[in-house]
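Listed here are the chains, written in short residue letters.
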Amino acid sequence: MRYKPGIISFVSFGKIAICTLLAACFAFPQSNGGSITGKVTDQDGAAVSGISIQAKDTSTGTIYKATSSGSGDYKFDALAAGSYQVSLPTLVVGAPPQNVVVQVGQALHLDLRARDASLNTLGEDRSFFAARVAPHPTPKGPAPRTPEGRPDLSGTWWAPRIVAREEVSVLPWAAAVIREWAANNAKDIPSARCLPSGVALLHYFGLNKLVQTPTLLVNIGEADVASSRQVFLDGRGHPKDMDPTWRGHSVGKWEGDTLIVDTNGFNGKSWIADTIPAVFPYTDKLHLTTRLRRPDLGHLEMEVTFDDPGTFTKSWTMKTVSDLAEGEEVQEIICTENNQDVEHLVGK
Amino acid sequence: MKTKAGFLIVGFLLSVVVASAHHAFNAEFDGSKVMSWVGTVTKVEWTNPHARFYIDVKDASGAVTNWNFEMGSPVQLRRQGWTRDSLKVGDQITVDGYPAKDGAKMASAKKVILADGHSVFSETPTDAQPADSNHQ
């Protein structure tokens, strides 16, 4: 990662910067390496601070990262001459990548406009979302072990961040549903009505508190809907003829240092929102295989395989990492206490 | 893109929408239209799923309308250093935000500035000027 946030003054170059209609300005710096600098603003013209900017060398694939300063400025310097794609990778919409060519010794000015008002609410703005998925500082050391010698997964964990996800292939009915959701501004997402959204063991948004005993793993999830999950570790299987539920029935067993959790019995009524911004429907045939590992004190890895022949043409897997949230506790969220949004949600 | 069998390979198909923990912003608020309101805080609700505050806005004729503004959840706000006392009844404020799509006197708050120019919910004062007021 190479970056230096800051501002380049064109006066120092003693040259006049010429701007094109695309707001890319060229000047001639003294150094041999090229550079790209600019400012990130939101759709209203206000500076966006603390956001990740990425410059990808399109011939080598090398990715350079920068973070915008308090005034929204960013800088990539000492870039080799070549073609770069500059983007705001943490934004989900409205910030199309910009393709630029950096020549030897050239300082390129490129302002970036983020066009996503949905990341601009007090308390839920871009810095909040960026911080939520960014790695947190974590304590160092080995994972704690239980008296039985197993890794102890207990702890309060920040929301999982997706580090890998396989391509998802859905049946035509599911594709049609997803298109309908998009056309309707996702107004019917279950969480808007204080119902569970998401199916994975670790909730995708708030904190997750795991409490592990030899026979039971409990997840107290901080979510819009009070969310507790039980994973039975006492050797039992799934009950026969289960009544389908929103969160399914989970049993787990250890294989070495990996806890493998099998979850069945879903009612198919929620949305798979664990992969946000991609979301998927599913049926009561959904079966999750979850692998939990604590490779060290500060990290919890979750690998979830989604298998639903009623929705997907093949199973697919998502990998996440959660950071230990030292000093944090899961807070109470009673979604129905003042949910005023429902009657104001507008589709197409 | 489609495979030969006609099945849809799905990437980020729903990227337009879901950023809020609770509901899709775009289903409720008009992100293309930033407005500004000037008024007096009449109520603060430090509740889930969204903390809210209400202000009385007076138009040119003197008529008063009460507007309802939505923020993140108290849990999120608290973790970012704000408290239920960050905004008080009686505060004279300017709010920049995005209005409700259905015409209700509701909006999603983007920025709140006190009469002395300090930005509420922000550590550093700002002299940012609000957009032209647009009362309804």
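On a predicted model such as this, the values are computed, not experimentally measured, just so you know.

Analysis parameters
Residues numbered from 1 in each chain as written. Chains lettered and ligands numbered in written order. Predicted model: local features only at pLDDT ≥ 70, side-chain atom pairs only at ≥ 80, totals over all residues. Helix = DSSP H or I, 4+ residues; strand = E, 2+ residues; numbered from the N terminus. Contact = placed C-beta atoms within 7 Å. Buried ≥ 20, exposed ≤ 12 C-beta atoms within 10 Å, placed from the backbone. Pairing = 2+ DSSP bridges. Axes fitted to C-alpha atoms, helices over the stretch in contact; angles between N-to-C directions. Expected span 1.5 Å × (residues − 1). Arc of directions from axis to C-beta. Core = buried A, V, L, I, M, F, W, Y, C linked by C-beta atoms within 7 Å. pLDDT = per-residue confidence, 0-100.

(A) Focus on the overall build of chain B. When its secondary structure is counted, chain B shows 2 helices and 7 strands. Along the chain direction, N to C, the helices and strands of chain B fall in the order β-α-β-β-β-α-β-β-β. Long-range contacts, defined as pairs at least 24 residues apart, comprise 52% of the intrachain contacts of chain B with a sequence gap of at least 6.

(B) Structural detail: the overall build of chain A. Of the regular secondary structure elements, chain A holds 2 helices and 23 strands. Looking at the 348 residues of chain A, the share that counts as buried comes to 40%. Relative to all contacts within chain A whose residues are 6 or more apart in sequence, the contacts with residues 24 or more apart total 62%.

(C) Inspection of the sheet that holds strand S20 (residues 258-264) of chain A at higher detail. Residues and elements named next belong to chain A. The strand order across the open sheet formed by 10 strands is S13-S16-S17-S18-S19-S20-S21-S22-S23-S14, and the pairing between neighbours is mixed. The sheet is open, and its two edges are formed by strand S13 (155-157) and strand S14 (161-165), each paired on a single side. The average undirected angle you get between the axes of adjacent strands in this sheet is 25°. In terms of strand pairing, strand S19 (residues 249-255) meets S20 through 7 bridges, oriented antiparallel. Bridge pairing in S20 links Ser250 to Thr263.

(D) Local environment of the environment of Thr40(B). All names here are of chain B. Mapped onto the secondary structure, Thr40 falls in strand S2 (residues 35-45). A tally of 16 C-beta atoms within 10 Å means that Thr40 is categorised as partly exposed. Between the C-alpha atoms of Thr40 and Lys88, which are 48 residues apart in sequence, the distance is 9.5 Å.

(E) Representation of the sheet that holds strand S4 (residues 52-57) of chain A within the structure. All names here are of chain A. One open sheet accounts for 4 strands, arranged S5-S4-S7-S8; its pairing is antiparallel. Every other strand in the sheet has two partners, leaving strand S5 (63-67) and strand S8 (98-102) as the edge strands with one partner each. Each adjacent strand pair in this sheet contributes to an overall mean axis angle of 25°, direction not counted. The pairing of S4 with strand S7 (residues 82-87) spans 4 bridges and is antiparallel. Residue pairing in the sheet places Lys56 in a bridge with Gln85 of S7.

(F) Spotlight on helix H2 (residues 172-183) of chain A. Residue and element names in this part refer to chain A. Its 12 residues give H2 an end-to-end C-alpha distance of 17 Å, which sits within 8% of 16 Å, the value for a rise of 1.5 Å per residue. Ala174, Ala175, Ile178 and Trp181 are the residues of H2 that are buried. Along the axis of H2, the buried residues cluster in a sector spanning 120°; they form a single face. More than 90 degrees from the buried face of H2, the exposed residues found are Pro172, Trp173 and Ala183. Backbone geometry just downstream of H2 places Asn185 in the positive-phi region, at approximately 60°.

(G) Summary view of helix H1 (residues 126-133) of chain A. All of the buried residues in H1(A) are Arg126(A), Phe128(A) and Phe129(A). Across the axial projection of H1(A), the buried residues extend over an arc of 165°, all falling on one side.

(H) Region of interest: unusual backbone geometry. In this chain, Asn48(B) is followed by Pro49(B) through a cis amide linkage whose omega measures 0°. Here Pro49(B) shows up in the loop between S2 and strand S3 (52-58).

(I) The arrangement of the pairing of S19(A) in detail. Residues and elements named next belong to chain A. Taken together, the 2 bridges between strand S18 (residues 227-232) and S19 define a ladder with parallel strand orientation. Note on S19: the bridge partner recorded for Phe232 is Val251. Connecting S19 to the antiparallel partner S20 that follows it, the hairpin turn spans 2 residues, and Gly256 within it adopts a positive phi of roughly 65°.

(J) Broad picture of the nonpolar core. Counting 83 residues, the largest nonpolar core has Ile272(A), Val279(A), Phe280(A), Ala107(B) and Val112(B) as the members making the most contacts within it. Judged by nonpolar contacts, the second largest core, of 20 residues, contains Val40(A), Val100(A), Leu110(A) and Ala114(A).

(K) Structural context of the environment of Ala278(A). Locating Ala278(A) in the fold gives a position in the loop between S20 and strand S21 (287-296). Residues Ala278(A) and Val168(A), spaced 110 residues apart in sequence, show a C-alpha to C-alpha distance of 9.7 Å.

(L) Main features of the pairing of S7(A). Two strands pair when backbone bridges link them, and S7(A) and S8(A) are joined in this way by 5 bridges, in the antiparallel orientation. Bridge assignment links Tyr84(A) to a residue of S8(A), and that residue is Val100(A).

(M) Highlighting the confidence of the model for chain B. Residue and element names in this part refer to chain B. Taken as a whole, chain B shows an average pLDDT of 79; of its residues, 73% reach a score of 70 or greater. Taken together, the stretch residues 1-9 has pLDDT below 50 and engages in 14 contacts with residues farther than four places along the chain or on a different chain. Scored below 50 in pLDDT, residues 123-136 shows 21 contacts in the model against residues more than four places distant or in partner chains. Across the assembled chains, the prediction reports ipTM 0.80 with pTM 0.78.

(N) Spatial organisation of the environment of Ser250(A). Relative to the helices and strands, Ser250(A) resides in strand S19. With 14 residues separating them in the primary sequence, Ser250(A) and Asn264(A) have C-alpha atoms 6.7 Å apart.

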